[in-house]
Amino acid sequence: MKSKSIKILLMGAAITSMLSSCGDSWFEREPKNILTNELVWNDPNMIKSQLANLYNRIPQLHGDFNTGGMCETDDAMYCGTLDQNYRNELRYGNDYGRWWDYGLIRDINMSIENIDKYGTDISADEKLQFKAEFRFIRAYVYFELVRRMGGVPLITTTLEYDFSGDPSYLRNPRAKEHEIYDFVYSECEAIKSQLGNKGSQTRANYYTALALESRAMLYAGSIAKYNALKTPNIVTSGGEVGIPSDMADDYYRKSLTASQEIITKGGYELYEKESDKGVNFYKMLMDKTLNKEAIWVKDYKNPLKVHSFGYDNVVHHLREDNDNSSCIGPSLGLVEAFDYLDGTPGTLHYKNGDDYVVYDTPSDIFANKDERLYGTIIYPGSKFRNQDVDIQAGVAVWNDKTGSYDLLTDPKLGSFYEDNKTFVGQDGPQTNSPNVSNTGFYIRKFISEASGYTLRNYAENWWPWFRLGEIYLNAAEAAFELNDEPTALPYINRLRQRAGFPANSLTIEKIQNERRVELAFEDHRYFDMKRWRIADITWNGNIDNDKAIVYGLYPYRIAVAKPGTQDQDKYIFVKTRSERFKVARTFQQSNYYSFIADDVINNNPTIVKNPFQ
């Protein structure tokens, strides 16, 4: 055995010697299937691929066409499959919105370091721009972390374990909450002129950095002001949670300055291509041709990258091959948030005391409303894809004995009553059925009229990370909070003018409502409610609180009218809570900052827990 082993070793040595004697050492040849750092970081296309990967990993909560998440505030309920009905029984958990992805932070830091270390053949200008772009993504990621978690460890270099047996030097404590916001701002200021990408709507440029400043500084100002006013107990002794109130004005000024520069110098314009203001608002997020409202978007292109939002939420009877659709049922509360064009509150008039208000057609009840309603919601009597939506909950039959209408319905969609006219519409609503509206409304925003709704044809409209409409709202709010209403008012009125309104006065409640209707389903509502510190009041878990319940509005055709009236085949509306919506939304003060996961704290004992944790 020993002799045999020696022979094998000698043979191996001989083979090694022969390979080494060739002109190029066989062992020194670069492998053909491995990309070295030198290859990657000297190739602009490779660097762009890494950037694309990181852009795609930017986190979202309810955004980027997240059907389920959009049903988890007071804007909508979930009408899809029954196995996701927990969205309608939502008591916000202490881990709701939790996000702590330091793997992504590490990848960004490593990219910045590697381009410096290995990028010897690319030009100085290219290197500067690429580094700025990586830093922008990192700043945006830290903004996502701070608005969910409060202050987090601020790590801007790649941490490597030295295998010494003592990892304590890798344990970074949480920064103060304001320090993370300050970092986001200082990074944007440092890199904005280095970003390049002028005119790009899919990659960060000068004005994208300003847009992040506009949003992040508004958040910081709100937390500094409203945490002290409304939830002063939600702080930590080290400042990891809570921003001193005397910092609020400086943050508001920074937000306003960034917003004003975008509005006056950015070359962006509010979308106003269509004379019909409702159609215009809808197309504002669908038209990708020379659309100057978009500042930074996540783009989709068939067949390379598509989304299924329309497939999941198309009006029920317009489905083609989909059993799981019509998932978002917009709430009556959201519909009523759209004011009337004369400036009066948007409460719909469906009852006059104990009597129903009778309408000639289902759409009449929505007349003279904020034109953005049409662009956001499909309501009874409206059209989609040039087809009438068929929303009718049942029929009303006058009962002489009770002196009121009996409301009759049928479990079958598209059924006919005994008068051979519609009993229940093809599009519902139904109170306890999946994949059909349970509220009497469907979502129009983001649902493409151009594409079909089959597995073979998904949609390609973009998702807006930043658009000019938000910047106007940010400017208005920041100026108002600085007690400068003359500056604030024109920004709000500019948006309201696009929606068909005359000029109006301003309060913080009006600003809050404007954000709700202008930015509905664009991933702002949940975070806005948190930064204003009104989420625990609005979603208080009280079944008698209309704001914590998602209600619908059901139209009934009058099949047998009250004697002496001319109401035959006209319509009445009934405020209804779906049987699937069993409990009120419940947001507690402990939800303002997501609890940090136990494994994070166990791995890093320096991490201070969040309030109530």
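Summary of the structure given here. Values in this document were obtained by computation on a predicted structure and should not be read as measured data. (Residues numbered from 1 in each chain as written. Predicted model: local features only at pLDDT ≥ 70, side-chain atom pairs only at ≥ 80, totals over all residues. Heavy atoms only, no water.)

### Some remarks on the overall build of the protein
Phase 1 of the analysis: The number of helices and strands found in the protein is 18 helices and 16 strands.
Phase 2 of the analysis: Taken over the C-alpha atoms alone, the protein extends approximately 110 × 65 × 45 Å along its principal axes.
Phase 3 of the analysis: Expressed as a percentage of its 613 residues, the buried residues of the protein come to 55%.
Phase 4 of the analysis: Long-range contacts, defined as pairs at least 24 residues apart, comprise 73% of the intrachain contacts of the protein with a sequence gap of at least 6.
Phase 5 of the analysis: When the accessible area of the protein is evaluated, it comes to approximately 26,400 Å², of which 49% is carbon and sulfur surface.
Phase 6 of the analysis: Computed over 71 positive and 84 negative side-chain charges, the inter-centroid distance for the protein is 3 Å. (Helix = DSSP H or I, 4+ residues; strand = E, 2+ residues; numbered from the N terminus. Buried < 20%, exposed > 50% of the residue type's maximum accessible area, 1.4 Å probe, protein only. Contact = heavy atoms within 4.5 Å. Areas by Shrake-Rupley, 256 points an atom, 1.4 Å probe, with all protein chains shown as cover. Lys, Arg positive; Asp, Glu negative; His and termini not counted. Charge placed at Lys NZ, Arg CZ, Asp CG, Glu CD.)

### Some points on the sheet that holds strand E9 (residues 394-399)
The pairing of strands in a sheet comes from backbone hydrogen bonds and takes either a parallel or an antiparallel form.
Phase 1 of the analysis: Read across the open sheet, the four strands follow the order E10-E9-E15-E16; overall the sheet is mixed. At either end of the open sheet lies a strand with only one pairing partner, and these are strand E10 (404-408) and strand E16 (571-576). The mean angle between the axes of side-by-side strands here comes to 40 degrees, regardless of whether they run parallel or antiparallel. (Pairing = 2+ DSSP bridges. Axes fitted to C-alpha atoms, helices over the stretch in contact; angles between N-to-C directions.)

### Here's the deal with the pattern of salt bridges
Phase 1 of the analysis: Within the structure shown, the criterion is met by 42 salt bridges.
Phase 2 of the analysis: When the shortest N-O distance is used, the salt bridge between Arg-215 and Glu-470 registers 2.8 Å. Note that Arg-215 is positioned in helix H7 (residues 206-230) and Glu-470 in helix H13 (residues 468-481), a separation of 255 residues in sequence.
Phase 3 of the analysis: According to the relative accessible area criterion, Arg-215 is buried, its value standing at 4%.
Phase 4 of the analysis: Here Glu-514 ties to Arg-496 by a salt bridge, and the two come within 2.6 Å at their closest N and O atoms. Within this pair, whereas Glu-514 is found in helix H15 (residues 508-518), its partner Arg-496 is found in helix H14 (residues 485-498), the two being separated by 18 residues in sequence.
Phase 5 of the analysis: Residue class for Glu-514 comes out buried when judged on its relative accessible area of 3%.
Phase 6 of the analysis: When its relative accessible area of 4% is taken as the criterion, Arg-496 is described as buried. (Salt bridge = Lys/Arg side-chain N within 4 Å of Asp/Glu carboxyl O.)

### Let's talk about the packing of helix H6 (residues 177-191) against H7
Phase 1 of the analysis: Between H6 and H7, the shortest axis-to-axis distance is 9 Å and the interhelical angle comes to 160 degrees. The angle between H6 and H7 falls in the class roughly antiparallel. In this structure, H6 crosses over H7, and the sense of that crossing is left-handed. Taking contact as the criterion, the partners of Glu-177, Tyr-181, Val-184, Tyr-185, Cys-188 and Glu-189 in H6 are, on H7, Ala-209, Leu-212, Glu-213, Ala-216, Met-217, Tyr-219, Ala-220 and Ile-223.
Phase 2 of the analysis: Partitioning the contact of H6 with H7 into residue classes produces eleven nonpolar, no polar and three charged. (Parallel < 35°, antiparallel > 145°, perpendicular 65-115°, else oblique. Left-handed = near helix turned anticlockwise from the far one by under 90°. Nonpolar A, V, L, I, M, F, W, Y, C, P; charged D, E, K, R; others polar.)

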